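Each chain, written out:
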Protein chains: 2
Amino acid sequence: MKRSIAIMLAAATAATAAIAPIGAAAAQTAAPEVTEDFKPSSVNQPGQEYPQVNSQGRARFRIVAPEAQSVKVSLGLGGRGGTVLTKAADGTWVGTTAGPLDEGFHYYHLTIDGGTFNDPGTLNFYGSTRWESGIEIPAHDADFYALRDVPHGRVEQVLFPSASTHAQRRAFVYTPPGYDRNQRERYPVLYLQHGWGEDETAWSNQGHANLIMDNLIAAGKARPFIIVMTYGMTNDVRPGGLASFDIKPFQTVLVNELIPYIDANFRTLADPRHRAMAGLSMGGFETKLIAPANLDTFAYIGLLSGGTFSLDDVNRTPGFRDKVKLVFVSFGSRELDGGGMAGPPGAPRADPRANAEALKRAGINSVFYVSPNTAHEFLSWRRSLREFAPLLFRE
Amino acid sequence: MKRSIAIMLAAATAATAAIAPIGAAAAQTAAPEVTEDFKPSSVNQPGQEYPQVNSQGRARFRIVAPEAQSVKVSLGLGGRGGTVLTKAADGTWVGTTAGPLDEGFHYYHLTIDGGTFNDPGTLNFYGSTRWESGIEIPAHDADFYALRDVPHGRVEQVLFPSASTHAQRRAFVYTPPGYDRNQRERYPVLYLQHGWGEDETAWSNQGHANLIMDNLIAAGKARPFIIVMTYGMTNDVRPGGLASFDIKPFQTVLVNELIPYIDANFRTLADPRHRAMAGLSMGGFETKLIAPANLDTFAYIGLLSGGTFSLDDVNRTPGFRDKVKLVFVSFGSRELDGGGMAGPPGAPRADPRANAEALKRAGINSVFYVSPNTAHEFLSWRRSLREFAPLLFRE
């Protein structure tokens, strides 16, 4: 029934295309079965009507630039191409993605007359080393990261001194609901890293890590713990440069400066069995370099679209079998379809699921998770945190 | 000596203008005495070279949009006009403000081919009901809001339940250095409001309220207290609509919902003599409506470029003389030159300094402050907070 109404609406739009500028643009750039139930994206700026998303996961853009020669959106064609907007009779540029986008959060930008700009309709999110436009395609399971009427933890900006970088550095700290009331309680800590080109704002702004934790804790699914998020691109990481990446500057900031600061200023359980490190993409790469080299600091490890542990990795790491309480590895399903991010750059692709199973057979607490129908994007990582958090600090 | 080097550099630039695109643009739009010591603005996005600011307070912009027809910046001509960029030989658009800008923070945006966009070089700040580009002209007294090597407080995002608006609302809470260590100490609270078109991020992002407090506390100039910042545009406030503004929805959120939440979840001194309300511009307007009507809640009042208290105001408010411990009123000097913001819209302009003096003569603790050479902008309000904070909670 719903389906037939959608088809009727689409037909009505096609019939009126000649007089409806937005419908006309949609007819040019989208297949005829576009469902005309577009609503403003949830991450639009206050009061902004565009961009919009429909129930099929298509996005529609509308940009005011009456004298422009060309306006393109970097989203569309399944995320691999872009959407060319066309100029409507009223001087605005409009267009709809040719197909549905994956559920979840996507970065994008505009190309206007050859220059890169943000869509003035949306909030901006730090990714690709710049503040980019963002759009949210509502996920069928969006409730787990929604702002709900449950007790909320806090996200706190702390500025901590870093002698090694001669700076006051910034971190965000999630403290769970009740942290300030339960003055006698001490909490485990997860150090959670962003990806390349992102920063310490990503896990809250794009990831909703705080809301995911609030909801898990309210449902009794996760033990309340602290999450610490700081900037992981301490030295200048360029695209493709991860193979020659020197982990030491960031390791020094994290292990020698931030962790002591957090343990001194928050009520933590300051031992390895109550400390985890995880990261997405480059943050997973960093986790794999730092955590196994610091097993007297971290006993829980998570790589989210950021590599995999083989039995060889385990065997060549002294103490791994005794000290590591959990190895969690996850990917978006579309990453595995393409084989991506399973090994270090240039190395033969490893099968991350087979690696995870080999660890399990060897008696290691190894958990492998695949986020359905998502790519190297934040819905994969929101879901990964939802799966990872309940497994932490259970011993 | 410095001056003559600057003149020589400017002359050298003029001489090479024919082959130097940036110099050429500067020569077209700026007076000949432009000092060529431009540096990236401190609020640029990471790694971005433009916009730049020179020692005279002039700003230079550079925008990549090779096919654009026109690019304009909303800053320049003393802040009242704009700067038209010109297309350089390499396809970029460049231009320098015709004169120096006032010291401090300025919002701006680009107009590209008739559309409004942000400068991709800068961070964005919420103002004018949108995330706008920002630029910082270094102030001669910038040290008081700089990130320095002193103990830092935290800025915490809290989500509090609001039955009256059927929402989980956001506030940011500054807690002073040592808040978590001094578990037996309780703190006074300042409720600090943003201006029209801004939101609860403004006082931290644009205002550096946290850094101002860290520095004042480190210097022993202010008593450590908590600052709470939430969204004050609870109902839909349109420009010019303040005269018919209904304060009740926001008053309910602030007084009946947020204050009880803060008192329950932070270690506050929960009495009127340890509670202040202040705001800038529209936030001052709100403060003047809420604080005198709730003198059993607030004993300290601050209006920052947001109105003034006359002796009539005092006399018609029951309990004012007994209960109010401080009335602080401030403006940027350029606002007083223009007479702006001294009275409610439509009313005859009051002289805010005379009002403040009349209150003082009547025995009220009335303090009036004027920020030199600043307008209705954030440097006025940063300085106002620097002057206001040391006066708070002294009885």
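Computed from a predicted model, the values in this text were never measured in an experiment. (Residues numbered from 1 in each chain as written. Chains lettered and ligands numbered in written order. Predicted model: local features only at pLDDT ≥ 70, side-chain atom pairs only at ≥ 80, totals over all residues. Heavy atoms only, no water.)

## Topic: the overall build of chain A
In step 1: In terms of helices and strands, chain A carries 11 helices and 20 strands.
In step 2: Residue burial in chain A is summarised as follows: out of 395 residues, 57% are buried.
In step 3: For chain A, restricting intrachain contacts to residue pairs at least 6 apart in sequence, the fraction spanning at least 24 positions comes to 69%.
In step 4: Roughly 15,700 Å² of accessible area belongs to chain A as shown, and the carbon and sulfur atoms make up 54% of that amount. (Helix = DSSP H or I, 4+ residues; strand = E, 2+ residues; numbered from the N terminus. Buried < 20%, exposed > 50% of the residue type's maximum accessible area, 1.4 Å probe, protein only. Contact = heavy atoms within 4.5 Å. Areas by Shrake-Rupley, 256 points an atom, 1.4 Å probe, with all protein chains shown as cover.)

## Quick notes on the pattern of salt bridges
All names here are of chain B.
In step 1: Scanning all chains against the criterion turns up 36 salt bridges over all chains.
In step 2: Close ionic contact of R148 with D143 constitutes a salt bridge, the shortest N to O distance being 3.7 Å.
In step 3: Linking R275 and D263 is a salt bridge whose minimum nitrogen-to-oxygen distance equals 2.9 Å. With R275 in strand β17 (residues 275-280) and D263 in helix α5 (residues 248-265), this residue pair connects regions lying 12 residues apart in the sequence. (Salt bridge = Lys/Arg side-chain N within 4 Å of Asp/Glu carboxyl O.)

## Focus on the pairing of strand β13 (residues 154-162) of chain A
In step 1: β13(A) sits mainly inside the fold: 8 of its 9 residues count as buried.
In step 2: Pairing of β13(A) with strand β14 (residues 167-175) of chain A involves 9 bridges; the strand directions are antiparallel. Looking across to β14(A), one finds that F160(A) is bridged to R169(A).
In step 3: Linking β13(A) to β14(A), which pair antiparallel, is a turn of 4 residues; within it H166(A) sits at a positive phi near 50°.
In step 4: In this sheet, strand β13 (residues 154-162) of chain B lies alongside β13(A) in antiparallel orientation, the contact comprising 3 bridges. Across the sheet, Q157(A) pairs through a bridge with V155(B), a residue of β13(B). (Pairing = 2+ DSSP bridges.)

## Regarding the confidence of the model for chain A
Residues shown with low pLDDT carry predicted positions that ought not to be read at fine detail.
Residue and element names in this part refer to chain A.
In step 1: Averaged over all residues, the pLDDT of chain A is 88; the fraction at 70 or higher stands at 85%.
In step 2: For the stretch residues 1-28, pLDDT sits under 50, and the model shows 21 contacts to residues farther than four places along the chain or on other chains.
In step 3: Note on residues 340-348: pLDDT is under 50 here. Beyond four places in sequence and across chains, it has 19 contacts. (pLDDT = per-residue confidence, 0-100.)

## Here's the deal with the environment of D322(A)
In step 1: If you trace the backbone, D322(A) turns up in helix α8 (residues 320-323).
In step 2: Spatially, the C-alpha atoms of D322(A) and A299(A) are 9.5 Å apart, while their sequence positions differ by 23 residues.

## Digging into the relation of the copies chain B and chain A
In step 1: Expressed as a screw operation, the relation of chain B to chain A combines 0.0 Å of axial shift with a rotation of 180°, fitting to an RMSD of 0.0 Å. Here the transformation between the copies is reduced to the relation of a two-fold axis. Measuring from the rotation axis to each C-alpha of chain B, the shortest distance belongs to E156(B), at 1.9 Å.
In step 2: Both copies contact each other with a shared surface, as 100% of the interface residues of chain B are interface residues in chain A too. (Least-squares fit on C-alpha atoms with pLDDT ≥ 70 in both.)

## Observations regarding unusual backbone geometry
Phi is mostly negative for residues that are not glycine, and the peptide bonds are mostly trans.
Residue and element names in this part refer to chain A.
In step 1: Note the cis peptide between Y50 and P51, where omega equals 0°.
In step 2: The topology assignment puts P51 in the loop between β1 (39-40) and β2 (52-53).
In step 3: Positive phi, normally seen in glycine, also occurs at H208, with a value near 55°.
In step 4: Within the secondary structure, H208 sits in the loop between α3 (202-205) and α4 (209-218).
In step 5: Among the residues examined, H208 registers a relative accessible area of 19% and is labelled buried.

## Some words on the sheet that holds strand β8 (residues 104-108) of chain B
Residue and element names in this part refer to chain B.
In step 1: If you trace the 3 strands from one edge of the open sheet to the other, you get β8-β12-β11, paired in antiparallel fashion. Looking at which strands have only one partner, the edges of the open sheet turn out to be β8 and β11 (124-127). Averaged over all neighbouring strand pairs, the angle between strand axes comes to 50°, with direction disregarded. (Axes fitted to C-alpha atoms, helices over the stretch in contact; angles between N-to-C directions.)

## Here we look at the packing of α5(B) against helix α6 (residues 282-290) of chain B
Residues and elements named next belong to chain B.
In step 1: In contact at an axis separation of 11 Å, α5 and α6 are set at 75° when each is read in the N-to-C sense. When the axis of α5 is compared with that of α6, the two are roughly perpendicular. From α5, F250, Q251, L254 and V255 reach across to α6, where they touch E286, L289 and I290.
In step 2: Residues that form the contact of α5 with α6 fall into these classes: 5 nonpolar, 1 polar and 1 charged. (Parallel < 35°, antiparallel > 145°, perpendicular 65-115°, else oblique. Nonpolar A, V, L, I, M, F, W, Y, C, P; charged D, E, K, R; others polar.)

## Quick notes on the packing of aromatic side chains
In step 1: Per the stated rule, a full pass over the model turns up 33 aromatic pairs over all chains.
In step 2: Judged by centre distance (6.1 Å) and plane angle (45°), the ring pair of F117(A) and F117(B) falls under tilted. Here F117(A) is found in strand β10 (residues 115-117), whereas its partner F117(B) is found in strand β10 (residues 115-117) on a different chain. Here F117(A) matches F117(B) in class, with each residue buried.
In step 3: Three or more aromatic residues link up through ring pairs in this structure, and these residues are F105(A), Y107(A) and F125(A).
In step 4: In this structure, R60(B) is placed above the aromatic ring of F38(B), and the distance from its NZ or CZ to the ring centre is 4.0 Å.
In step 5: The side chain of R386(B) reaches across the aromatic face of F144(B), ending 4.4 Å from its centre. (Phe/Tyr/Trp six-rings, centres within 6.5 Å; stacked < 30°, edge-to-face > 60°. Lys NZ or Arg CZ within 6 Å of the ring centre and 35° of its normal.)

## Notes on the sheet that holds strand β4 (residues 71-73) of chain B
In step 1: Pairing in this open sheet of 4 strands is antiparallel, and the strands run β5-β4-β9-β10 (chain B) from one edge to the other. At either margin of the open sheet sits one strand with a lone partner, and together these are β5 (83-84) and β10 of chain B.

## With respect to the interface of chain B and chain A
In step 1: Between chain B and chain A, the contact holds 48 residues from the first and 48 residues from the second.
In step 2: For the pair chain B and chain A, the summed buried surface comes to about 3,600 Å²; carbon and sulfur atoms form 49% of the total.
In step 3: When the buried surface of chain B facing chain A is broken down by residue, F117(B), R154(B) and Q168(B) rank first, second and third, together holding 17% of it.
In step 4: Notably, a salt bridge pairs R154(A) with E156(B), separated by 2.9 Å at the nearest N-O pair.
In step 5: The interface formed by chain B and chain A holds 17 residue pairs in polar contact (both at pLDDT 80 or more) in total.
In step 6: Contributing elements (two or more residues each) for the side of chain B that touches chain A: β3 (59-64), β9 (110-112), β10, β11, β12 (130-137), β13, α4 (209-218) and α5 of chain B.
In step 7: Within the side of chain B that touches chain A, the residues separate by chemical class into 23 nonpolar, 15 polar and 10 charged. (Buried area = accessible area lost by both parts, 1.4 Å probe. Polar contact = N/O pair within 3.5 Å; in protein donor to acceptor, adjacent residues only side chain to side chain.)

## What about α6(B)?
Residues and elements named next belong to chain B.
In step 1: Most of α6 is tucked away: 7 of the 9 residues are buried.
In step 2: Those residues of α6 that fall on the buried side of the exposure criterion are M282, G283, G284, F285, E286, T287 and I290.
In step 3: Check the buried side of α6 and you find it contacts β15 (189-193), α5, β17 and β18 (300-304).

## Quick look at the environment of V173(A)
All names here are of chain A.
In step 1: Along the chain, V173 falls in strand β14.
In step 2: Judged by its relative accessible area of 0%, V173 falls in the buried class.
In step 3: Sequence-wise, V173 and V155 are 18 residues apart; in three dimensions their C-alpha atoms are separated by 5.4 Å.
In step 4: Sequence-distant contacts of V173, defined by excluding residues within four places in its chain, comprise R154, V155, E156, V158, I226, I227, V228, I262 and F266.

## Some points on the side chain of E286(A)
Residue and element names in this part refer to chain A.
In step 1: Locating E286 in the fold gives a position in helix α6 (residues 282-290).
In step 2: Here E286 is buried and forms no salt bridge, its nearest opposite-charge partner R169 lying at an N-O distance of 9.6 Å.
In step 3: If we skip the residues at most four places from it in the chain, E286 touches Q193, G232, F245, I247, F250 and M277. (Lys, Arg positive; Asp, Glu negative; His and termini not counted.)

## Regarding the packing of α4(B) against helix α11 (residues 378-388) of chain B
All names here are of chain B.
In step 1: It is at 10 Å that the axes of α4 and α11 come closest, and there the two elements cross at 35°. The hand of the α4/α11 crossing is right-handed. Contacts between α4 and α11 involve A209, I212 and L216 on the former and, on the latter, R382, L385 and R386. (Left-handed = near helix turned anticlockwise from the far one by under 90°.)

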